[in-house]
Amino acid sequence: MDFVEANGVALRCELSGAGDRTLVLVHEMGGSLESWDEVASRFAGSRRVLRYDTRGAGLSQKVRGELTLDTMAGDIAGLLDHFGIAGKVALAGIAVGGAIALHFAARYPARTSAVAVGSPATGIAAERRAPALERLARIEAAGMAVAVEDAMLNGYAPELRGDVARFERFRRRWLGNDPSSYATIWRMLASADMQDDLARLNCPVLVIGGNLDRVRPPPLAQVVAKTIPGARYTEIRTGHYMAVQTPDLLFETIDDFLRSVGA
């Protein structure tokens, strides 16, 4: 692990693996680079893997005020510059991490070979915004504990909790989030409009739906896939936090896709 100053912010990151190709992994809201532990290790045998705590998450610098997807995509570009990675990279992201990866591909097409996203959170439906913002106000006032049970019930389905230690470890890590930074990232999502981004993507894209995801169920993922020209869609037995819940299955799905498109 390392700490890097890039794009005006301090980010915790790790570059592992070996090879000519690089894969950037972007975690979900409320997650950290540890969300990818069991996926990154599988990819590291065949390519370089860059993962990091997004600004406001994990041990990266915390955020206040306004935040945009442009800034988040710029953080990835800054990390690539820091490590001297000049060629095209593949990206994989979960939920909000998927939105960041897709926005990076739209903003930096010359640096993107392919993108795979699970349950991509590309915006919030108008009818969901008011209750979501009310929930955020409670989180900022009382901390992450006021929302943890709902977050786990909807995002980490009971059907996927066979490994109790894995579930409890993720739950405790989720509770460690900075409430204000978490709310800032959520508000970024609530104000995002990615329709133009999605429509102009010209690299290979795979959208993955989780049939046990009650936060972003498959129909929402399918809508994203249909908006992206030529995107593929697949559905697997997993939940919202799929990199943690089903790392083997997610690795196989992403690896098969990247190999199929030569990325």
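Data block above holds the structure.
Calculation rules
- Residues numbered from 1 in each chain as written.
- Predicted model: local features only at pLDDT ≥ 70, side-chain atom pairs only at ≥ 80, totals over all residues.
- Heavy atoms only, no water.
- Helix = DSSP H or I, 4+ residues; strand = E, 2+ residues; numbered from the N terminus.
- Expected span 1.5 Å × (residues − 1).
- Buried < 20%, exposed > 50% of the residue type's maximum accessible area, 1.4 Å probe, protein only.
- Core = buried A, V, L, I, M, F, W, Y, C linked by side-chain atoms within 4.5 Å.
- Contact = heavy atoms within 4.5 Å.
- Lys, Arg positive; Asp, Glu negative; His and termini not counted.
- Salt bridge = Lys/Arg side-chain N within 4 Å of Asp/Glu carboxyl O.
- Polar contact = N/O pair within 3.5 Å; in protein donor to acceptor, adjacent residues only side chain to side chain.
- Axes fitted to C-alpha atoms, helices over the stretch in contact; angles between N-to-C directions.
- Parallel < 35°, antiparallel > 145°, perpendicular 65-115°, else oblique.
- Left-handed = near helix turned anticlockwise from the far one by under 90°.
- Nonpolar A, V, L, I, M, F, W, Y, C, P; charged D, E, K, R; others polar.

## Examining helix H11 (residues 247-260)
Step number 1: Spanning 14 residues, H11 covers 20 Å between terminal C-alpha atoms, matching the ideal 20 Å at 1.5 Å per step.
Step number 2: Of all the positions in H11, only Pro-247, Leu-250, Phe-251, Thr-253, Ile-254, Asp-255, Phe-257 and Leu-258 are classed as buried.

## A short note on the nonpolar core
Step number 1: Val-24, Ile-76, Leu-102, Phe-104, Val-115, Met-152 and Trp-174 are the most contacted members of the largest nonpolar core, which has 70 residues in total.
Step number 2: Per-element tally for this core: the top contributor is helix H3 (residues 96-107), with 8 residues.
Step number 3: Sequence-distant contacts of Val-115, defined by excluding residues within four places in its chain, comprise Leu-91, Ala-101, Leu-102, Ala-105, Cys-203, Pro-204, Val-205, Leu-206 and Phe-257.
Step number 4: The next biggest cluster of nonpolar side chains, apart from the first, holds 24 residues, and it includes Leu-206, Leu-250, Ile-254 and Ala-263.

## Comments concerning the side chain of Arg-216
Step number 1: Turning to its location among the elements, Arg-216 is positioned in the loop between strand S7 (205-210) and helix H9 (218-227).
Step number 2: An unpaired buried charge is present at Arg-216: no salt bridge exists, and Asp-213, the closest side chain of opposite charge, is 7.1 Å distant.
Step number 3: A distance of 2.3 Å separates a polar atom in the side chain of Arg-216 from the backbone oxygen of Gly-123.

## Focus on the environment of Val-89
Step number 1: When you line up the elements, Val-89 lands in strand S5 (residues 89-94).
Step number 2: Given a relative accessible area of 0%, Val-89 falls into the buried group.
Step number 3: With 151 residues separating them in the primary sequence, Val-89 and His-240 have C-alpha atoms 24 Å apart.
Step number 4: In this structure Val-89 touches Thr-22, Val-24, Leu-80, Phe-104, Arg-111, Thr-112, Ser-113 and Ala-114, once residues within four positions along its chain are discounted.

## Here we look at the packing of helix H5 (residues 148-155) against helix H6 (residues 164-175)
Step number 1: Viewed as axis vectors pointing N to C, H5 and H6 meet at an angle of 135°, and their least axial separation amounts to 11 Å. Looking at the two axes, H5 sits oblique to H6. Here H5 runs over H6; the crossing is right-handed. The residues of H6 that touch H5, namely those facing Val-148, Glu-149, Ala-151 and Met-152, are Phe-167, Phe-170, Arg-171, Trp-174 and Leu-175.
Step number 2: Of the residues that constitute the contact of H5 with H6, the class distribution is 7 nonpolar, no polar and 2 charged.

## Quick look at the packing of helix H4 (residues 126-142) against helix H7 (residues 179-190)
Step number 1: Across the interface, H4 lies against H7 with an axial gap of 9 Å and an inter-helix angle of 170°. With respect to H7, the element H4 is oriented roughly antiparallel. For the crossing formed where H4 meets H7, the hand is left-handed. In contact with Arg-128, Arg-129, Ala-132, Leu-133, Arg-135, Leu-136, Ile-139 and Glu-140 of H4, H7 contributes Pro-179, Ser-180, Tyr-182, Ala-183, Trp-186, Arg-187 and Ala-190.
Step number 2: Residues that form the contact of H4 with H7 fall into these classes: 9 nonpolar, 1 polar and 5 charged.

## Focus on the pattern of salt bridges
Step number 1: Inspection of every chain in the model, using the stated rule, returns 16 salt bridges.
Step number 2: Two residues, Asp-197 and Arg-200, come together in a salt bridge whose shortest N-O distance is 3.3 Å.
Step number 3: Note on Arg-200: relative accessible area 47%, which makes it partly exposed.
Step number 4: Put simply, Arg-12, Glu-34 and Asp-53 are held in one network by salt bridges that share partners.

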